[in-house]
Amino acid sequence: MSDRRRGLRDGIPIGLGYLSVSFAFGIQAVSLGLSPLQAVLISMTNLTSAGQLAGIGLMAGGASLVEMALAQITINMRYALMSLSLTQRLGADMTGLRRAFFAFGNTDEIFAVASGQKGELNHHYLYALMLAPYLGWSLGTLLGSLAGTLLPVFFRDVLGIAIYGMFLAIILPPARSRKSVAAVVLMAACLSLAFRYLPFLRNLSGGYAMIISAVVSAAAAALMFPVGEEDE
Amino acid sequence: MPWSRFLPYLAVMAGVTYLIRALPLTLVRRRIRNSFFRSFLYYIPYAVLTAMTIPDILYSTGFTGENWLAFAGAAGGLCAAGFMALRGHGLLTVALTACGAVALIQSVAFFI
């Protein structure tokens, strides 16, 4: 099988998963006052679940552009590590321009599938791998944002929890098997709760509360439980 | 949302997100050795996703402080999703279980 066909095939399950998650994003975006076209534009230019969800929350809350930028940097910082990790795996055909193009599609799931491949990664495989996830993400957002304006409140409430369920599925399995990850999750949850409910602390806006909660708990864990090269 | 307010947000979101992905991929060709920085980058996704989920998940089903049935649905969804995730089920299964639990609990509203 050619690299291109292999990439296309490997991308399909990711695309299907994205379809349902971005459907929930579309619903959420419309409920926060964005139009379907605006929701789809966000998905087509960002291609990231957590960053987009936080982004529309900040938009609705009238956050400053600086707060938006800082929130995106914090939430999406993990992509820098994934991109770094992939630089070690790219074939000689991956020139600067091709790297710049593929960078757009380096999501958690695409990274996970790409880094699971044997041998060097070429642009035929990587470009093909991006295709189904990109279409799934954009189409799901369109359908979700249209449905969000038509669906009864009951179904919007039910689907509103989907994206958070997905986050739990990412966080909890490693938290169960690694004490260090469990510590990170616990610390971040406590800080986030404190910023939401405690007097004084709750005056801070949501974007900064999330940034501080995440950065402090990840830094504390990095000091307490340094990760060895073999752990990654 | 008015486009004049939306477009600057969109530009910042998309630009920052793209640069985070593209700069390391195009510029860095060596491996990071600093142990603290590597560990920090390893933990940050879990910290971010937790801070985004807790407590926002409790408000994801329409709870605004009065509608306690919505709160019960969200709490039920959180428990169901937590249970399934801890058992190692995939993203889609966990997300759909959370939705199912919310649907079950919120449909009580049709009977009372």
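Small disclaimer: the values here were computed from a predicted structure and weren't measured. (Residues numbered from 1 in each chain as written. Chains lettered and ligands numbered in written order. Predicted model: local features only at pLDDT ≥ 70, side-chain atom pairs only at ≥ 80, totals over all residues.)

Participant: If you had to explain the overall build of chain A to someone new, which residues and values would you point to?
Facilitator: The secondary structure content of chain A amounts to 11 helices and zero strands. N-terminal to C-terminal, the α/β element order of chain A is α-α-α-α-α-α-α-α-α-α-α. Taking 17 Å as the expected radius of gyration for a compact globule of 232 residues, we find that chain A reaches 19 Å, a close match to that expectation. Seen along its three principal axes, the alpha-carbon backbone of chain A occupies a region of about 60 × 50 × 35 Å. (Helix = DSSP H or I, 4+ residues; strand = E, 2+ residues; numbered from the N terminus. Rg over C-alpha atoms; globule rule 2.2 N^0.38 Å.)

Participant: Can you explain the packing of helix 2 (residues 36-46) of chain A against helix 7 (residues 123-150) of chain A? Please cite residues and give values.
Facilitator: Packed helices, taken two at a time, are described by the angle their axes make and the gap between the axes. Residues and elements named next belong to chain A. Interhelical geometry of helix 2 versus helix 7 gives an angle of 160 degrees and a closest axis separation of 9 Å. Classified by the interaxial angle, the pair formed by helix 2 and helix 7 is roughly antiparallel. Read as a crossing pair, helix 2 and helix 7 show a hand that is right-handed. From helix 2, Pro36, Ala39, Val40, Ser43 and Met44 reach across to helix 7, where they touch Trp137, Ser138, Thr141, Leu142, Ser145 and Leu146. In terms of residue class, the contact of helix 2 with helix 7 is made up of seven nonpolar, four polar and no charged. (Axes fitted to C-alpha atoms, helices over the stretch in contact; angles between N-to-C directions. Parallel < 35°, antiparallel > 145°, perpendicular 65-115°, else oblique. Left-handed = near helix turned anticlockwise from the far one by under 90°. Contact = placed C-beta atoms within 7 Å. Nonpolar A, V, L, I, M, F, W, Y, C, P; charged D, E, K, R; others polar.)

Participant: Mind laying out the interface of chain A and chain B, listing which residues take part and the relevant values?
Facilitator: Each side of the interface is counted separately: chain A has 79 residues, and chain B has 67 residues. At 17 residues, the largest contribution of residues to the side of chain A that touches chain B is made by helix 4 (residues 65-87) of chain A. For the side of chain A that touches chain B, the class distribution of residues is 51 nonpolar, 22 polar and six charged.

Participant: Kindly report on the domain arrangement of chain A, identifying the contributing residues and their values.
Facilitator: All names here are of chain A. What the domain assignment reports for chain A is domain 1 (3-170) and domain 2 (178-232). Measuring from the centre of the C-alpha atoms in domain 1 to the corresponding centre in domain 2 gives 23 Å. At the interface, nine residues of domain 1 touch eight residues of domain 2. Mapped onto the side of domain 1 that touches domain 2, the elements with two or more residues apiece are helix 3 (49-60) and helix 4. No other element matches the four residues that helix 4 contributes to the side of domain 1 that touches domain 2. In terms of residue class, the side of domain 1 that touches domain 2 is built from five nonpolar, three polar and one charged. (Domains from an automatic or database assignment.)

Participant: Provide a residue-level description of the domain arrangement of chain B, including the pertinent values.
Facilitator: What the domain assignment reports for chain B is domain 1 (1-30) and domain 2 (41-110). For domain 1 of chain B versus domain 2 of chain B, the separation of C-alpha centres amounts to 29 Å.

Participant: An account of the nonpolar core is requested, with residue identities and associated values reported.
Facilitator: Grouped together as the largest cluster of nonpolar side chains are 107 residues, with contacts concentrated most on Ala162, Met166 and Val184 of chain A together with Tyr43, Ala47, Val94 and Ala98 of chain B. Contact partners of Val184 of chain A, with chain neighbours within four places excluded, come to Ser217, Ala218 and Ala221 of chain A together with Tyr43, Tyr46 and Ala47 of chain B. (Core = buried A, V, L, I, M, F, W, Y, C linked by C-beta atoms within 7 Å. Buried ≥ 20, exposed ≤ 12 C-beta atoms within 10 Å, placed from the backbone.)

Participant: Lay out the packing of helix 10 (residues 179-197) of chain A against helix 11 (residues 206-224) of chain A in plain terms, naming residues and giving numbers.
Facilitator: Residue and element names in this part refer to chain A. Axis separation between helix 10 and helix 11 bottoms out at 9 Å; the angle between their running directions is 150 degrees. With respect to their mutual orientation, helix 10 and helix 11 come out roughly antiparallel. The handedness of the crossing between helix 10 and helix 11 is right-handed. Across the interface between the two elements, Ser180, Ala183, Val184, Met187, Ala188, Leu191, Ser192 and Phe195 from helix 10 touch Ala209, Ser213, Ala214, Val216, Ser217, Ala218, Ala220, Ala221 and Met224 from helix 11.

Participant: Explain unusual backbone geometry residue by residue, including any values.
Facilitator: The phi angle of most residues is negative, glycine excepted, and most peptide bonds adopt the trans form. Along the chain, Ile54 of chain B connects to Pro55 of chain B via a cis peptide bond; the corresponding omega equals 0 degrees. Looking at the element boundaries, Pro55 of chain B is found in the loop between helix 2 (35-53) and helix 3 (68-86). At Leu47 of chain A, a residue that is not glycine, the phi angle is positive and equals roughly 55 degrees. Residue placement: Leu47 of chain A occurs in the loop between helix 2 and helix 3. Residue classification places Leu47 of chain A among the buried residues on the basis of 25 C-beta atoms within 10 Å. Positive phi values are uncommon outside glycine, yet Phe200 of chain A reaches one of about 70 degrees. Of note, Phe200 of chain A is situated in the loop between helix 10 and helix 11.

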